[in-house]
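Architecture at a glance
This is what each chain is made of:
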Amino acid sequence: MIGVFGGTFDPIHIGHLRLATEVAEALDLERVHLVPAAIPPHRGEPLLDADTRLSLVAESIRDEPSFVLDDREHRREGPSYTSDTLAEFAAEFPGESLVLLMGMDAFNGLPDWHEVDRILELAHVAVATRPGAEARGTARQWLDARRASVGELPGAAPGRILPVEITRLDISATGLRAMVEQGRSLRYLVPEPVVRHFARG
Ligand code: ATP
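This write-up is about the structure you can find in this document. Remember, predicted model here, so these are calculated numbers, not experimental data.

Rules of the game
- Residues numbered from 1 in each chain as written.
- Predicted model: local features only at pLDDT ≥ 70, side-chain atom pairs only at ≥ 80, totals over all residues.
- Heavy atoms only, no water.
- Salt bridge = Lys/Arg side-chain N within 4 Å of Asp/Glu carboxyl O.
- Phe/Tyr/Trp six-rings, centres within 6.5 Å; stacked < 30°, edge-to-face > 60°.
- Buried < 20%, exposed > 50% of the residue type's maximum accessible area, 1.4 Å probe, protein only.

1. Considering the pattern of salt bridges
Within this structure, the stated rule accounts for 15 salt bridges. Put simply, E30 and R31 hold a salt bridge, and the shortest N to O gap is 3.6 Å. The salt bridge partner of R187 is E192, with a shortest N-O separation of 2.7 Å. When salt bridges with common partners are traced through the structure, they connect D70, R72, R76, E88 and E92 into a single cluster.

Written as structure tokens, this is what we have:
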């Protein structure tokens, strides 16, 4: 099973890296592809440009052989949809089960994602706990209806949802950007390459 973990990573922080690590352990994933998103217009200006976000992810995962940086959403023209990204992974790795990784806040938004039915035809979804976020609304109903345990995955058709308890780290890129703005240190909240990037200022 291969993990696919998208995010804006503006910047990457240890909440992201522990999510990928702990979900990979819990599900015994072969590897996790980190897919930085081209930032959609509605999110406003990112703090870091695309090349910097990508290179900070690359440097931060350099020592972890099971993590792979994937820059396809930056190479693609036009809007980037997770459904297209997963379809490309499915074509590249035929016969492999795909697992889409996300935190609970992102999962609550999943029912509104573009072509979500197609997403659930292509991949399972691993949902990691995140401080301040509980499953609600349609996402909660999906979790109840599609919930699976790790043992049920082999041979199961895509579209199962696996809640995964991870170490709760109350860190967000939004909070980190505010700290940068205030001139505060990010050390120990982010990997060392990100600390160095902002120290260079
Ligand atoms: P922002 O504050 O800019 O929205 P973020 O910290 O939420 O950023 P993203 O890049 O938007 O980071 O998130 C990518 C994925 O990582 C999402 O699925 C999100 O739920 C998850 N995630 C981010 N931070 C954490 C955390 N501290 N604990 C658990 N999941 C997290």
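2. Details of the packing of aromatic side chains
In total, this model carries two aromatic pairs according to the counting rule given. Pairing F5 with F9 gives two aromatic rings, centres 5.5 Å apart and planes at 80°, and the pair type is edge-to-face. The exposure class of F5 is buried, given its relative accessible area of 4%. Considering the side-chain rings of F89 and F93, the 6.0 Å spacing of their centres and the 20° angle between planes classify their relative orientation as stacked.

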